[in-house]
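# Coordinate inspection notes
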Amino acid sequence: HVHRVTARQSRVPWTEPLDEADWARDGRSILLARERVAEGVLDILEFDLASGTSRELVHCDPKAAIPCAQTNEASYSADGRRIAYFFAEGAVDGQGIPADCGLRIMTIEGGAIEDVTRHPCGLVEDRHPRWSPDGTRLAFYRTQQEVKGGPVTGSALFIRDLATGAELQLTAWD
C-alpha cells in the first residue's frame, strides 16, 4: 500500500490508529505501527517525509499458517538498513494470548527476517528493542509473569550481543 500526503494535508492519511514512532537517523523517514482494528493486528510501516509516501515493511497476517497477532515497537539500526521489532504470533489460547513472542530483526531491502528472542507469550516478553550505536547489540526490557496472562511479576533491562546471542542483565528484577 502506498499513501501520498499532499501539501494541504497536515497528518498521515490513515483511518487506522498509529503508534510507536521512531525516527531514521538521517531524519528522512519514520517507522510507525499501524493497527488494523477490524482484524485486531498491528503492522509496521515506513513513512518517507520528503515524498509523503509510506510502505508496509512488516505485514501481520492473522490467517497465515502461523497467525500473527502484532508487530510493533520498531526501531531503526544506526545505518538505517535494518529494523528491530517486537512480534507476537502463533495459535491464540483461550485467554486470547498468542503462543510465542519476542524480538526480530529485519533487513529493510530484501526483507530477510531473523528471530533474536522467542518466548511463550504471557509468561516472558521482550519489549522495546533499541540498537547500540555500532549496530552490534540490542537493549530491551524483559517482563515475566508467574501465571500465563497474569500480572507482570518482574521486569529488567537487558543487552543482547547479536553476533554471539550472549545476554547481559543490567538491572535487577523489580
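Above this text you will find the structure in question.
All of these numbers come straight from a predicted model, not from anything done at the bench.

## Structural notes on the overall build of the chain
A count of helical and extended segments in the chain gives zero helices and 12 strands. When the helices and strands of the chain are read in sequence order from the N terminus, they spell out β-β-β-β-β-β-β-β-β-β-β-β. Taking 16 Å as the expected radius of gyration for a compact globule of 174 residues, we find that the chain reaches 17 Å, a close match to that expectation. On the principal axes, the C-alpha backbone points of the chain span a range of 50 × 40 × 30 Å. Every one of the 174 residues in the chain was classed for burial, and the buried ones make up 41%.

## Some details on the pattern of salt bridges
A pair can form between side chains of opposite charge whenever their charged atoms are brought close. Taken as a whole, this structure holds 19 salt bridges when the rule is applied. Between Asp 115 and Arg 104 there is a salt bridge, with the nearest N and O atoms lying 2.6 Å from each other. With Asp 115 in strand S8 (residues 113-120) and Arg 104 in strand S7 (residues 98-107), the pair connects residues that are 11 residues apart, well separated along the chain. Taking the relative accessible area as the measure of exposure, Arg 104 reaches 12% and is therefore buried. As a salt-bridge pair, Arg 142 and Asp 126 come within 2.6 Å of each other at their nearest N and O atoms. Within this pair, whereas Arg 142 is found in strand S10 (residues 137-145), its partner Asp 126 is found in strand S9 (residues 124-131), the two being separated by 16 residues in sequence.

## Description of the state of the cysteines
On inspection of all chains with the given rule, the structure shows one disulfide. The side chain of Cys 60 participates in a disulfide bridge whose partner is Cys 68; the two sulfur atoms lie 1.9 Å from each other. For the disulfide bridge between Cys 60 and Cys 68, the dihedral angle about the S-S bond is near -95°, and by the sign convention the bridge is left-handed. Taking relative accessible area as the criterion, Cys 68 reaches 11% and is therefore assigned buried.

## Points about the side chain of Asp 22
Secondary-structure assignment places Asp 22 in strand S1 (residues 18-23). Reaching out from Asp 22, the side chain makes a polar contact with the backbone nitrogen of Tyr 76 at a distance of 2.9 Å. Excluding its chain neighbours within four sequence positions, the residues that come into contact with Asp 22 are Ser 29, Ile 30, Leu 31, Ala 74, Ser 75 and Tyr 76.

## Thoughts on the sheet that holds S9
Ordered by their spatial adjacency, four strands build an open sheet running S9-S10-S11-S12, and the pairing between neighbours is antiparallel. At either margin of the open sheet sits one strand with a lone partner, and together these are S9 and strand S12 (167-169). Going from strand to strand, the sheet's axes swing by 30° on average, the running direction of each strand aside. As judged from the six bridges shared by S9 and S10, these two strands associate in the antiparallel manner. Across the sheet, residue Trp 131 finds its bridge partner in S10, namely Leu 138.

Conventions used here
- Residues numbered from 1 in each chain as written.
- Predicted model: local features only at pLDDT ≥ 70, side-chain atom pairs only at ≥ 80, totals over all residues.
- Heavy atoms only, no water.
- Helix = DSSP H or I, 4+ residues; strand = E, 2+ residues; numbered from the N terminus.
- Rg over C-alpha atoms; globule rule 2.2 N^0.38 Å.
- Buried < 20%, exposed > 50% of the residue type's maximum accessible area, 1.4 Å probe, protein only.
- Salt bridge = Lys/Arg side-chain N within 4 Å of Asp/Glu carboxyl O.
- Disulfide = S-S within 2.5 Å.
- Polar contact = N/O pair within 3.5 Å; in protein donor to acceptor, adjacent residues only side chain to side chain.
- Contact = heavy atoms within 4.5 Å.
- Pairing = 2+ DSSP bridges.
- Axes fitted to C-alpha atoms, helices over the stretch in contact; angles between N-to-C directions.

In short, the description is geometric, and any link to function would need to be established separately.
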